[in-house]
Each structure stands twice: as C-alpha cells, then as structure tokens.
Amino acid sequence: FLLLSVALWYVGYNAISTWFTTYAEKVWEMSIGTSSRCLTIAMIGAIATYIPAGLIAGKIGRKTTILFSAALLAACFGAAYVYTRFSNSFHWGLYVLFAVVGVAWAAINVNSLPMVVEMCSGADVGKFTGYYYTFSMAAQTITPVVAGYLLSNVSYHALFPYAALFVAGSFITMCFVRHGDSK
C-alpha cells in the first residue's frame, strides 16, 4: 500500500509539474515564463519545508504527516480547479496556493522514502530504495502521457481534477499502511 501511495501521489503531482505551464497558457493566456513562477513558488515552499517536515514527523509520526499533507495537496488541487471554473484569468492569490502545494509536497517526500526503508533490514535498504524509485519513476513516466491525452482530448480543465483524484487516492491507500513509521 505504501508503494501504491507513492505511485499515486507522483501521478497527481507530476501531472501538474509537467502540464501546468501549458495549462496556464491555454486557459489563462499567460506566458510560459509568468506561469512557471507558480512552480517556482511551489519549489520555494518545498525547500522551506523539508527540514521542518522531518522534525514534525518525528513528533507526530510519518504516516500522520503524510496523510495530512496528501489531504492538503488534494485540497489545493481541488481548490485550483474550483477557481478555474469561476475565473478565466490568473489571480496573484494562486501564488499562495502554490506555496502550500510545495509545503504539502515536501512533507510527503521527506517522509515517504524513510517509511519504505523502515520496512526492511539494513541489508535490504538498496532493494527497498529500488522499489521506491521503481514506483515513483513509473508514475512520473506514465502521467505525462495520460494527463496529456486528457488535456488534448477532453479539456484542459481536467488537469486539476486529475491531480486531485490521484493524490486523494494516495490518501486512501496510505490509510492501509501499517508499517514504516518512525521507530
């Protein structure tokens, strides 16, 4: 369930990181340079969160931290979708939303690989790290194709629901994880 969760949140997040600038250009008529600022702000939010996310997880647990962050990330993508249904232009308030996206993403990432590694003996760390990267990289390979197909053949407005749905799915599968928390 943990590896499935990893794949699902990477499917959701990578759809945004791959297609957001194209989405913003088509839906909000933004330049690619201006729209990429949102992704930069998300990364700044993530960088500011990496260390605190590890410290917080040390107090409340990795699973709890990841569950809260996955719910927050899905909610951010859902909120972005709702915004796009009522406005066809960019608003600076979305920068705040993208900063929160970065915070949630960092808290998930900082804690997920250690959870996988906690499930194995010291001799198997490389093998379990390989499992983690197989699931995360497979998701990052598949989602640009699937999300791109939806954007081209359904609507550009499918981007945020797609991302929210997969991240919400990771929340559900994460609820079934029973091992890998801080010892």
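Note that this is a predicted model, so its numbers are computed, not measured. Within any chain, residue numbers begin from 1 and follow the written order of that chain's sequence. Given that this is a predicted model, residues contribute local features only at a pLDDT of at least 70 and side-chain atom pairs are listed and counted only at 80 or more, while totals for whole chains, interfaces and linings are drawn from all residues. Computation of side-chain values covers all heavy atoms of the structure but excludes hydrogens and water.

Draft legend 1. Local environment of the overall build of the protein. Runs of E in the DSSP output that reach at least two residues are strands. Runs of H or I that reach at least four are helices, and both are numbered from the N terminus. Across its full length, the protein carries six helices and zero strands. Taken from the N to the C terminus, the helices and strands of the protein come in the order α-α-α-α-α-α. In this treatment the radius of gyration is a C-alpha quantity, and the globule benchmark scales as 2.2 Å times the residue count to the 0.38 power. Computed over its C-alpha atoms, the radius of gyration of the protein comes to 16 Å, within 12% of the 16 Å expected for a compact globule of 183 residues. A principal-axis box enclosing the C-alpha atoms of the protein has dimensions of 50 × 30 × 25 Å. Here, residues are in contact when the closest pair of their heavy atoms is within 4.5 Å. If you take every contact in the protein between residues at least 6 apart in sequence, the share linking residues at least 24 apart comes to 83%.

Draft legend 2. Structural detail: the packing of aromatic side chains. For this analysis, a ring pair means two rings from Phe, Tyr or Trp (six-membered ring only for Trp) whose centres lie within 6.5 Å, classed as stacked if their planes differ by under 30 degrees, edge-to-face if by over 60, and tilted for the remaining angles. Overall, the coordinates contain 16 aromatic pairs when judged by the stated rule. An aromatic cluster of at least three residues, connected via ring pairs, comprises F20, Y23, W28, F77, Y83, F90, Y95, F98 and F160.

Draft legend 3. Main features of unusual backbone geometry. Notably, E29 is not glycine yet its phi reads approximately 55 degrees, a positive angle. Take E29: it is sitting in the loop between α1 (2-28) and α2 (32-60).

Draft legend 4. Broad picture of the pattern of salt bridges. In the sections that follow, a salt bridge refers to a side-chain nitrogen of Lys or Arg positioned within 4 Å of a carboxyl oxygen of Asp or Glu. Applying the stated rule across the entire model yields two salt bridges. We note a salt bridge from R62 to E118, for which the minimum N-O separation is 3.7 Å. Residue R62 is found in helix α3 (residues 62-86), and its partner E118 is found in helix α4 (residues 93-118); the two are separated by 56 residues along the sequence. Note on E118: relative accessible area 25%, which makes it partly exposed. When the shortest N-O distance is used, the salt bridge between D124 and K127 registers 3.9 Å. Buried, partly exposed and exposed residues are distinguished by accessible area as a fraction of the type maximum, computed with a 1.4 Å probe on protein chains only: under 20%, between the cut-offs, and over 50%, respectively.

Draft legend 5. Main features of a nonpolar patch on the surface. Patch rule: a residue counts if its relative accessible area is over 30% and it has no salt bridge; like charges are joined within 9 Å, and nonpolar side chains (Val, Leu, Ile, Met, Phe, Trp, Tyr) within 5 Å. Using the Shrake-Rupley algorithm and a 1.4 Å probe, accessible areas are obtained, with residue cover drawn only from the displayed protein chains. On the surface, M43, I47, Y50, I51 and L55 cluster together into a nonpolar patch covering about 530 Å² of accessible area. Tracing the backbone through its elements, the reader meets I51 in helix α2. Relative accessible area serves as the criterion here: at 65%, I51 is assigned to the exposed category.

These figures come from the coordinates and say nothing about function on their own.
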